[in-house]
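Letter by letter, the chains look like this.
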Amino acid sequence: MSNEEILLNIFNRMLEAYGPRGWWPAQTRFEVIVGTILTQNVSWKNVEIAVRRLKASGLLNPKAIIASDADELAKIIKSSRYYNQKAECLKGFCRHLDKKYGGSLDRLFQKDTELLRKELIGLKGIGEETADCILLYAGNKPSFVSDAYTSRFLRRFGLLDGNRSYRQIRSFFMANLPKDVYLYNEYHALIDHHCNRICKAEPLCEKCSIKKIDEICCLYKS
């Protein structure tokens, strides 16, 4: 069985077990981008509070964030932790969008995916995971998102051994799956859901719906 067949089998089993995850929850592309920046090192519940406060303050658009006072912006997003750095990151992204793309997300996302990825990573406060979230969830571009859950998932199913880098994990998925936005979107969300609910640090193996699929089984040993 090829890696592609294994990955698609796992995907279909998770989708059947959990259903579509409906990720990223937001009303606009810019709200998605704000959420990807704010969710670094904090729970989504805290991000939702910050996003609601930005909306209530009329700050959920690039020009308003550029014009805002940095200290006031930081106070508004305080629930997201590291709020001073995140306020600076939000303002930096918005200034870049305004200066290089005239404030247009359409123009931003017209750029080649890998070139835009490098450009985003070059902005202060935006790492690989955040850049991929922006590309996939806001830009509808096929750029697979990895995280600690993804790494755990691949190790336990023996698909990648040892501690691999973010880049290696992302490359594994992109080399072994069709480059499809829906698939990348749903797959990442399903892995996170599965690892949050079942495949925990101390996993609930008896409840796992995917621990044995044809020629692959979970390698976790308690």
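Check the entry above for the structure.
Residues numbered from 1 in each chain as written. Predicted model: local features only at pLDDT ≥ 70, side-chain atom pairs only at ≥ 80, totals over all residues. Heavy atoms only, no water.

> Tell me about the state of the cysteines, residues and numbers included.
All chains considered together, the criterion is met by zero disulfides. The cysteine Cys-89 is free of any disulfide, with Cys-94 supplying the nearest cysteine sulfur at 9.2 Å. Just so you know, Cys-195 is unpaired, no disulfide at all, and the nearest cysteine sulfur is the one on Cys-199, 4.6 Å from it. For Cys-195, a relative accessible area of 1% translates into the label buried. (Disulfide = S-S within 2.5 Å. Buried < 20%, exposed > 50% of the residue type's maximum accessible area, 1.4 Å probe, protein only.)

> So what's going on with the nonpolar core? Which residues, and what values?
Phe-93, Phe-173 and Tyr-187 are the most contacted members of the largest nonpolar core, which totals 70 residues. Those residues within four positions of Phe-93 in sequence are excluded, and the remaining contacts are Phe-30, Ile-33, Ile-37, Leu-105, Leu-108, Leu-120, Leu-123 and Ile-126. (Core = buried A, V, L, I, M, F, W, Y, C linked by side-chain atoms within 4.5 Å. Contact = heavy atoms within 4.5 Å.)

> Which residues make up empty space enclosed by the protein, and what are the values?
Tallied over the entire structure, the rule returns one cavity of 30 Å³ or more. Taken together, Phe-157, His-194, Ile-198, Cys-199, Pro-203, Leu-204, Cys-205, Cys-208, Lys-211 and Cys-218 make up the full set of residues lining the largest cavity. Taken together, the residues that form the lining of the largest cavity break down as eight nonpolar, one polar and one charged. (1 Å grid on protein atoms, 1.4 Å probe; cavity = no way out; pocket = protein on both sides within 12 Å on 5 of 7 lines; lining within 4 Å. Points joined across faces, edges and corners; volume = space filled by probe spheres on them. Nonpolar A, V, L, I, M, F, W, Y, C, P; charged D, E, K, R; others polar.)

> Please provide a residue-by-residue account of the packing of helix α2 (residues 29–38) against helix α6 (residues 83–101), values included.
Axis separation between α2 and α6 bottoms out at 10 Å; the angle between their running directions is 145°. In terms of crossing hand, the pair formed by α2 and α6 is right-handed. Contacts between α2 and α6 involve Phe-30, Ile-33, Val-34, Ile-37 and Leu-38 from the first element and Lys-86, Cys-89, Leu-90, Phe-93 and Cys-94 from the second. Grouping the amino acids of the contact of α2 with α6 by side-chain chemistry returns nine nonpolar, no polar and one charged. (Axes fitted to C-alpha atoms, helices over the stretch in contact; angles between N-to-C directions. Helix = DSSP H or I, 4+ residues; strand = E, 2+ residues; numbered from the N terminus. Left-handed = near helix turned anticlockwise from the far one by under 90°.)

> Please set out the pattern of salt bridges residue by residue, giving values where relevant.
Counted by the stated rule, this structure contains 13 salt bridges. Note that Glu-72 is salt-bridged to Lys-75, the shortest N-O span being 3.7 Å. Linking Glu-72 with Lys-75, this pair stays in helix α5 (residues 70–76), spanning three residues, or about one helical turn. We note a salt bridge from Glu-128 to Arg-117, for which the minimum N-O separation is 3.2 Å. On the criterion of sequence distance, the pair formed by Glu-128 in helix α9 (residues 128–138) and Arg-117 in helix α8 (residues 113–121) is long-range, its members being eleven residues apart. Accessibility expressed as a relative area gives 22% for Glu-128, which makes it partly exposed. Arg-117 sits in the buried class, given a relative accessible area of 7%. In this structure, a network of salt bridges that share partners links the residues Glu-114, Arg-117, Glu-128, Asp-132, Arg-167 and Arg-170. (Salt bridge = Lys/Arg side-chain N within 4 Å of Asp/Glu carboxyl O.)

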